[in-house]
Amino acid sequence: MMLDTRLLRAFVTIVETGSFTRSAQRLNTTQSTVSQQLGRLEETLGHELISRSARPARPTAAGERLLGYARRILALEAEAQAALSDPAGATAVRIGLPEDLVTREMAQVFAQVAGPRREVRIDVVAGLSRDLNSRFYAGDLDIVVVKELAPAPGHVASFPEPIGWFEARTARPWPDPLPLVTFPPGGLYRDAMFERIEQLQRRWYVAFSGSSLESVLIAVESGLGVSLLPRAAALDRRLRACPLFGREPAMATTIYAREPSGVVGDLARAISEVLAARSLRLSRADP
């Protein structure tokens, strides 16, 4: 049994005004319409709800039982209408970031740009760059920041991403074959690591594979093996450069946006500013 809120409103108004005539005036309709609406509600529920012989009109026993429920239903309807008419959070901007770029500075940018726009909701996805890139070109993301070998055409901005081989600070000479700590299959750093070590014709094996940057860093700190990592991620960790390898050419941290204007464009430019400041800090910290 579905209760029509228009019929419930007519019933509640009759109770509150004590009159069919005054109810019609409040509802901006005719007395006959109010009577018909009450009759339809009574037919639906199978009970007389208003004592028509009383002056002023008052609810019957069944009407008294219904009254509280009717008021709550009407209040919920008004609350739902108010919520849906408020644009807050109605426009989603989907952003993909590598795990190490989900930082306090990045969150502050989101707050500065999206905070004054109540209609904007920021949806952030953290993951591997290749996965994020695929989702961007599939239309699942509005803005994406990826680590890659070189920036592709159409990027908003790109900055050098220094990388290097790292081991635990307490590491001893490594055995042969060399144990590696890697990201999952398909990860950019994993592929670059394998390519580099094959060029050096070193024997190796995967000693640990982690699904997140943090798990890889912890594994290297614990002495499980060596790994190719972004230098920014190795700062302030219990790591040191692995002497078995020389310097590696930098990769690129690149931002792409689906459109150059509006909130997407504003966010993309603000993210670029954060990445530019990060790149400057890295250049000063990297000898």
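In the block above lies the structure referred to throughout.
A quick note: this is a predicted structure, and the numbers were derived from the prediction, not measured. (Residues numbered from 1 in each chain as written. Predicted model: local features only at pLDDT ≥ 70, side-chain atom pairs only at ≥ 80, totals over all residues. Heavy atoms only, no water.)

On to the pairing of strand β4 (residues 120-126), then. Across 7 bridges, strand β3 (residues 91-97) lies against β4 in parallel orientation. Bridge pairing links threonine 91 to valine 120 in β4. Read as a crossover between parallel neighbours, the route from β3 over helix α5 (residues 104-114) to β4 is right-handed. (Pairing = 2+ DSSP bridges. Helix = DSSP H or I, 4+ residues; strand = E, 2+ residues; numbered from the N terminus. Right-handed = clockwise from strand over helix to strand, strands pointing away.)

Moving on: the side chain of threonine 17. Looking at where threonine 17 falls in the secondary structure, it is placed in helix α1 (residues 5-17). Among the residues examined, threonine 17 registers a relative accessible area of 14% and is labelled buried. Polar side-chain contacts of threonine 17 include one of 3.0 Å to the backbone oxygen of serine 19. (Buried < 20%, exposed > 50% of the residue type's maximum accessible area, 1.4 Å probe, protein only. Polar contact = N/O pair within 3.5 Å; in protein donor to acceptor, adjacent residues only side chain to side chain.)

This next bit is on the nonpolar core. The biggest cluster of nonpolar side chains holds 30 residues, and the ones touching the most others in it are Trp165, Leu178, Leu180, Val226, Leu229, Leu239 and Phe245. Mapped onto this core, the elements with two or more residues apiece are β7 (163-168), β8 (178-182), α7 (188-199), α8 (213-221), β10 (227-230) and α9 (231-234). Here the element with the most residues in this core is α7; it accounts for 6 residues. Other than its neighbours up to four places away in sequence, leucine 180 contacts Trp165, Met193, Phe194, Ile197, Trp204, Tyr205, Val206, Ala207, Phe208 and Val226. Formed by 24 residues, the second largest nonpolar core is a distinct cluster that contains Leu101, Met106, Val113 and Ile271. (Core = buried A, V, L, I, M, F, W, Y, C linked by side-chain atoms within 4.5 Å. Contact = heavy atoms within 4.5 Å.)

In this section: the packing of aromatic side chains. According to the stated counting rule, one finds 5 aromatic pairs in the structure shown. Seen from their ring centres, phenylalanine 183 and tyrosine 189 are 5.9 Å apart, and the 35 degrees between their planes marks the pair as tilted. The lysine or arginine in question, arginine 258, covers the ring of phenylalanine 136, its NZ or CZ lying 4.5 Å from the ring centre. (Phe/Tyr/Trp six-rings, centres within 6.5 Å; stacked < 30°, edge-to-face > 60°. Lys NZ or Arg CZ within 6 Å of the ring centre and 35° of its normal.)

Quick look at the sheet that holds strand β12 (residues 251-257) now. The 5 strands lie next to each other as β4-β3-β5-β12-β6, forming an open sheet whose pairing is mixed. Unpaired on one side and paired on the other, β4 and β6 (157-161) mark the two borders of the sheet. For this sheet the average axis-to-axis angle between neighbouring strands, irrespective of direction, equals 15 degrees. Strand direction decides the pairing type here: β3 and strand β5 (residues 143-148), joined by 2 bridges, are parallel. Counted as the bridge partner of glycine 96 is valine 144 from β5. On top of the sheet, α5 reaches β3 and β4; it is set at about 160 degrees to β4, its chief contact. Sitting on the sheet, helix α6 (residues 129-137) touches β3, β4, β5 and β12, and the angle it makes with β5 is about 140 degrees. (Axes fitted to C-alpha atoms, helices over the stretch in contact; angles between N-to-C directions.)

Turning our eyes to something else, we now look at the packing of α1 against helix α2 (residues 20-27). Interhelical geometry of α1 versus α2 gives an angle of 125 degrees and a closest axis separation of 8 Å. As summarised for this structure, α1 and α2 are arranged oblique, according to the angle between their axes. Viewed along their axes, α1 and α2 form a crossing whose handedness is right-handed. Across the interface between the two elements, Arg9, Ala10, Thr13, Ile14, Glu16 and Thr17 of α1 pack against Phe20, Arg22, Ser23, Arg26 and Leu27 of α2. When its residues are assigned to classes, the contact of α1 with α2 shows 4 nonpolar, 3 polar and 4 charged. (Parallel < 35°, antiparallel > 145°, perpendicular 65-115°, else oblique. Left-handed = near helix turned anticlockwise from the far one by under 90°. Nonpolar A, V, L, I, M, F, W, Y, C, P; charged D, E, K, R; others polar.)

With that out of the way, let us pick up the packing of α1 against helix α4 (residues 61-85). With their axes 9 Å apart at the nearest point, α1 and α4 run at an angle of 120 degrees to one another. With respect to their mutual orientation, α1 and α4 come out oblique. Where α1 crosses over α4, the handedness of that crossing is left-handed. Of α4, the residues touching α1 (which contributes Thr5, Leu8, Arg9, Phe11, Val12, Val15 and Glu16) are Gly63, Leu66, Leu67, Ala70, Arg71, Ile73, Leu74 and Glu77. For the contact of α1 with α4, the residue count by class is 9 nonpolar, 2 polar and 4 charged.

A separate point is the pairing of β12. Along β12, 7 of the 7 residues are buried, which leaves the element largely enclosed by surrounding structure. Note that β6 and β12 share 5 bridges and pair antiparallel. Counted as the bridge partner of serine 158 is threonine 254 from β12.

With that out of the way, let us pick up the sheet that holds β7. On the basis of which strands lie adjacent, the open sheet formed by 3 strands has the order β10-β7-β11 and antiparallel pairing. Since the sheet does not close on itself, it has two edges, and those belong to β10 and β11 (239-241), each with one partner. Adjacent strand axes in the sheet meet at a mean angle of 55 degrees when their direction is disregarded. Inspection of the sheet shows β7 paired to β10 by 4 bridges, in the antiparallel sense. Residue pairing in the sheet places isoleucine 163 in a bridge with proline 230 of β10.

Here the focus is the environment of leucine 49. Position of leucine 49 among the secondary structure elements: in the loop between α3 (31-45) and β1 (50-51). According to the relative accessible area criterion, leucine 49 is buried, its value standing at 1%. Residues leucine 49 and leucine 66, spaced 17 residues apart in sequence, show a C-alpha to C-alpha distance of 8.2 Å. In this structure, leucine 49 is in contact with Phe11, Leu38, Leu41, Glu42, Arg58, Pro59, Thr60, Ala62, Gly63 and Leu66, ignoring residues within four places of it in sequence.

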